[in-house]
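# Descriptive analysis of the structure
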Amino acid sequence: MSRILVTEERCKGCLLCTTVCPVSIIRQSERINQQGYKVAEVGAEDMDKCTGCTSCATICPDMAIQVWRSKKTKKAA
Amino acid sequence: MPKAKSAPKAAPATKAAAAKPVMAKTVAPKVAAGEELVFTRPASLADRATHYCPGCHHGIAHRMVAELLDEMDLAGRTVAASSIGCSVFLYNYIQVDTVESPHGRAPAVATGIKRARPDTFVFSYQGDGDLASIGMAEIMHAANRGERLTVVFVNNTVYGMTGGQMAPTTLIGQKTTTCPGGRCKDREGSPIRMAEIIAQLGGTAFCARGSLDSVKNIRQAKKYMRQAFEAQTRGLGFGFVELLSGCPTNWRLSPVAANKRITEEMIPYFPLGVYKELEGDATCGSLVSTGAMAGGAAGESK
Amino acid sequence: MAGKNERIFVKGNEAIAMGALDAGCRCFFGYPITPQNDIPEFMSKAMPEVGGEFVQAESELAAANMLLGAGACGVRAMTSSSSPGMSLKQEAISYMAGSEIPGVIVNMNRGGPGLGDIGPSQGDYFQSTRGGGHGDYRLLVLAPSSAQEAYDMTHKAFDLAYAFRSPVLILGDAIIGQMKEPIVRRAATLADPAEGKEWRLEGTAAGLKANQKPRAHRIIKSLFLMDGELAGQNMKLQAKYDAWKDLVEFETFEVKDAELVVVAFGSIGRIAKNAVRVLRKQGKKVGLFRPKTLYPFPEKALAKLAREGKRFLTIEHNLGQMVEDVRLSVRRDADSELFCVYPGNMPSPDDFVAPILRALGRK
């Protein structure tokens, strides 16, 4: 299963990641981090839809997203 | 001092900027069976929060520089010339030997570094006010001499750190704190297209303009940056890459709207693509023999 | 090139270039301006011959910033100019002082203000000894009065620059630069390869074997925004400037029994020495005090002469700049009169005889 991990203390809530997700699973949470930003998240129910495409991490200016890709997905792609 | 007027929280580059990174460290990537980590922080990029505003593209450009330094195994022999502007704190994020340059002079400082230590990889990282206004002479002549340097030019059409004043690249009609009625061509001239200018100079080996507004463009921009790095590592000449970037704070736009502005307003005026690419061969002895030979053309422009 | 201890006949400008070369200077960044052009011309030939680098920069601004870059790498480097060009170099010099980057800068002072003329002047005394650019800093300033001194002081300037991680200024003028006289060169030396290895920039993996871990990255900067950080840096710089006080150098001539001591530096010091010689032959009790370091200024030596009851006349090729330092030095026991040679005029020893006699006669 591919997945992403948002390092919430690094997220500045710019939401650029939400605009590039091909399966539209990234959204703004209601959680506010120490810097005062509402952080991005992927709901647990949606994580299995992640394709591991790395688009969100690529456009994130704050290195707040790490991406794991399932090896199977990679082969399929 | 910089002023953050409206806009999202983080003040652009101030004390807070240089302040200690109290933020939690990035979670050490654990890789479970059946998966691989395909995107994480490059080793040369410090594990700390940046001082940049939400949606600012410096973070993306920094990351790509660090990725290339690691991928090309250059970090250990790199000396950077940082510039003046929001990116003055480059050295807090990209973990390579760095000297701070006066406003606009990074290409001259970088020339001094490269001539003094020709075995180092040398880059400068400059904004549009720094490079295209106060530093115009230095960038032109470093390129024209064919210094074996790489310049990363971040064009966001404003002076970011000082509060969003008009820059040489500010678009016609764009409102800033020093052209509140919008930039007027008759009074303030037209936005300068640096990639086109640098491509005309004899010592330039690679020159391109990319954009950081979309995933596709970011990936393409990194390819350009790699080529600009290679222009130096292969001894071909001066490498230059312009990156169209967003400054949501000073544009008074949300990060998402700022990216849209790049797509719709900046790219039509600042077309993307490769403006010069010399074909050359690093084995061409006369081309790379000494720094004093800088300026020799390596081949024909494509 | 002359052999060891062989006297060669060169211009002061050439002597400076030779001093730099023999001290291991390996990068020179220049820009044409009269009356210092012999220096970049010499270096454009000399640097490639020793595997060094010569760059004719696009401006004095750029040349000084190239010096900043090379100095940050711990490589012995120099730039030279004359007064209008020195105004432009001040930007980088301030940054070099603030970020503690060594380098040697030569100013062959010409007449000013503005374009002035291309003749000699000491009008840049304040600029040289008060820092010159923005912020609170000082340079070590050496003022030669002969081609041999120009050679020796330039040679020494490199050692001082690296010993103190500071820019060092050679302040000559059109007379020193254009005058031809014999000098003796020393054997050329190379910079110690370990010079500056604790701080210089060369890449985090420089000098390491493949399996060694790179050191932490180094930052050379003059921006200090954290609370107390800049004050700390300024205190550090002040301590360095205090330590320079031991480096004071000066020449005295016939001061022992002198009633009146003429204070003059550089080319004017040398011309004044001839006037003192003339007057001594007439039995007049006059002497000469010539500061060789303008910063640090030899204030203690002057104060001692004042305590001995001597009176002072400062002669300089400007409207009166060094006289302020002389007065500060002797203020407890004496004052200094001033005789100015206006920049644009070329003085001879005869011009100084009458003013010295006038000062001697006034009690």
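Our next topic: the overall build of chain B. For chain B, the helix and strand inventory stands at twelve helices and ten strands. Taking all 302 residues of chain B together, the buried fraction comes to 60%. Sequence-distant contacts in chain B: of pairs separated by 6 or more residues, those separated by 24 or more amount to 68%. For chain B, the accessible area works out to roughly 10600 Å², and carbon and sulfur atoms hold 55% of it.

Attention now moves to the overall build of chain C. Within chain C one finds twelve helices and 15 strands. In summary, chain C has a C-alpha radius of gyration of 21 Å against a globular reference of 21 Å for 363 residues, a match within 12%. Reported as C-alpha extents along the three principal axes, the dimensions of chain C are approximately 80 × 50 × 40 Å. Counting only residues that meet the buried cut, chain C has 59% of its 363 residues in that class. For chain C, the exposed surface amounts to about 14600 Å²; the carbon and sulfur share of it is 53%. Distance between charge centres in chain C, computed from 46 positive and 42 negative side chains, equals 5 Å.

To continue, consider the interface of chain B and chain A. With 43 residues of chain B at the contact, the number on the chain A side is 34 residues. Both sides together, the interface formed by chain B and chain A hides about 3100 Å², and carbon and sulfur atoms give 58% of it. Here Arg3 of chain A makes a salt bridge to Glu35 of chain B, at a shortest N to O gap of 2.7 Å. Of all the secondary structure elements, the ones that give two or more residues to the side of chain B that touches chain A are β1 (35-39), α2 (58-71), α9 (215-233) and α11 (255-269) of chain B.

With that out of the way, let us pick up the interface of chain B and chain C. Facing 39 residues of chain B, the contacting portion of chain C comprises 39 residues. Across the interface of chain B and chain C, roughly 3000 Å² is buried in total on both sides, 62% from carbon and sulfur atoms. At the junction of chain B and chain C, the tally comes to five salt bridges. Residues Arg145 of chain B and Glu58 of chain C are paired through a salt bridge, measuring 2.8 Å at the closest nitrogen-oxygen approach. At the junction of chain B and chain C, the tally comes to 16 residue pairs in polar contact (both at pLDDT 80 or more). Among the secondary structure elements, those contributing two or more residues to the side of chain B that touches chain C are α1 (15-18), β2 (78-82), β3 (97-100), α4 (106-116) and α6 (136-145) of chain B. Top element by residues in the side of chain B that touches chain C is α4 of chain B. It accounts for seven residues. Direction of pairing for β3 of chain B relative to strand β9 (residues 219-220) of chain C: parallel, over a ladder of two bridges. Note that in β9 of chain C the partner of Thr98 of chain B across the bridge is Ile219 of chain C.

Between side chains of opposite charge, pairing is possible as soon as their charged atoms come close. Residue and element names in this part refer to chain A. Per the counting criterion, the structure on display carries 50 salt bridges over all chains. Across the pair Glu45 and Arg27 runs a salt bridge, and its minimum N-O distance is 3.2 Å. On the criterion of sequence distance, the pair formed by Glu45 in the loop between β3 (38-42) and α2 (55-59) and Arg27 in strand β2 (residues 26-32) is long-range, its members being 18 residues apart. Its relative accessible area of 52% is what places Glu45 among the exposed residues. Using a relative accessible area of 36% as the deciding quantity, one classes Arg27 as partly exposed.

Attention now moves to the sheet that holds β1 of chain B. Within a sheet, adjacent strands bond to each other through the backbone by hydrogen bonds, running parallel or antiparallel. The sheet built from three strands is open, its strands ordered β1(A)-β4(A)-β1(B) with antiparallel pairing. Each end of this open sheet is capped by a strand with a single partner; those strands are β1 (3-6) of chain A together with β1 of chain B. Across the sheet, the mean angle separating the axes of adjacent strands is 25° when strand polarity is ignored. As paired elements, β1 of chain A and strand β4 (residues 65-70) of chain A share four bridges and run antiparallel to each other. Counterpart to Ile4 of chain A in the pairing with β4 of chain A is Val67 of chain A.

Counting 137 residues, the largest nonpolar core has Phe240 of chain B together with Met78 and Ile356 of chain C as its most contacted members. The residue makeup of this core includes at least three contributed by each of domain 1 (7-184) and domain 2 (249-361) of chain C. Ignoring sequence-local partners within four residues, the contact set of Ile356 of chain C consists of Leu260, Val262, Ala275, Leu279, Val286, Leu313 and Ile315 of chain C. In this structure, Leu16 of chain A together with Tyr91, Ile94 and Ile218 of chain B belong to the second largest nonpolar core, which totals 69 residues.

Residues and elements named next belong to chain C. According to the domain assignment, chain C consists of domain 1 (7-184) and domain 2 (249-361). The C-alpha-based centres of domain 1 and domain 2 are spaced at 26 Å. Taken residue by residue, the interface counts 30 residues in domain 1 and 26 residues in domain 2. Interface area lost by domain 1 to domain 2 is led by Gln122, Tyr125 and Phe126, which between them contribute 30%. Taken together, the links from domain 1 to domain 2 amount to five salt bridges. Measuring nitrogen to oxygen at the nearest pair gives 2.8 Å for the salt bridge that ties Asp325 to Arg130.

Note: α-helices contain 3.6 residues per turn, so residues at a spacing of three or four share the same orientation. The end-to-end C-alpha distance of helix α12 (residues 349-361) of chain C is 19 Å, a good match for the 18 Å that 13 residues give at a rise of 1.5 Å each. Residues of α12 of chain C that are buried include every one of Phe352, Val353, Pro355, Ile356, Ala359 and Leu360 of chain C, and no others.

The rules behind these values
- Chains are numbered independently. Their residues run from 1 in the order of the written sequence.
- The naming scheme follows written order: chains are lettered A onward, ligands numbered 1 onward.
- The predicted nature of this model means local features are confined to residues of pLDDT at least 70 and side-chain atom pairs, given and counted, to a pLDDT of 80 or more, with totals for whole chains, interfaces and linings taken over all residues.
- To get the side-chain values, take all heavy atoms of the structure and skip hydrogens and water.
- Helix and strand assignments come from DSSP, with helices taken as H or I runs of at least 4 residues and strands as E runs of at least 2, each series counted from the N terminus.
- Burial classes: relative accessible area under 20% of the type maximum marks a residue as buried, over 50% as exposed, and values in between as partly exposed (1.4 Å probe, protein chains only).
- Throughout, a contact is declared for two residues whenever any of their heavy atoms are within 4.5 Å.
- The protein chains shown are the only cover counted for residues, whose accessible areas, like all others here, come from Shrake-Rupley with a 1.4 Å probe.
- Each radius of gyration reported is based on C-alpha atoms, and the globular scaling rule is 2.2 Å times the count of residues to the power 0.38.
- Under this rule, positive means Lys or Arg and negative means Asp or Glu; His and the chain ends count for nothing.
- Every charge is mapped to an atom, namely NZ of Lys, CZ of Arg, CG of Asp or CD of Glu.
- Summed over both partners, the accessible surface that disappears when two parts come together, traced with a 1.4 Å probe, is what is meant by buried area.
- A carboxyl oxygen of Asp or Glu within 4 Å of a side-chain nitrogen of Lys or Arg is what we treat as a salt bridge.
- Polar contact is the term for a pair of N or O atoms within 3.5 Å; when the atoms are in protein, one must be able to donate a hydrogen and the other to accept it, and sequence-neighboring residues count only if both atoms are side-chain atoms.
- We treat two strands as partners when DSSP finds at least two bridges between them.
- In this description, a line fitted to the C-alpha atoms serves as the axis of each element, helices being fitted only across the stretch in contact, and the angle between N-to-C directions of two axes falls anywhere from 0 to 180 degrees.
- The term nonpolar core refers to a set of buried residues drawn from Ala, Val, Leu, Ile, Met, Phe, Trp, Tyr and Cys, joined through side-chain atoms within 4.5 Å.
- Marked domain ranges trace back to an automatic or database domain assignment.
- Every helix has an expected span of 1.5 Å times one less than the residues it contains.

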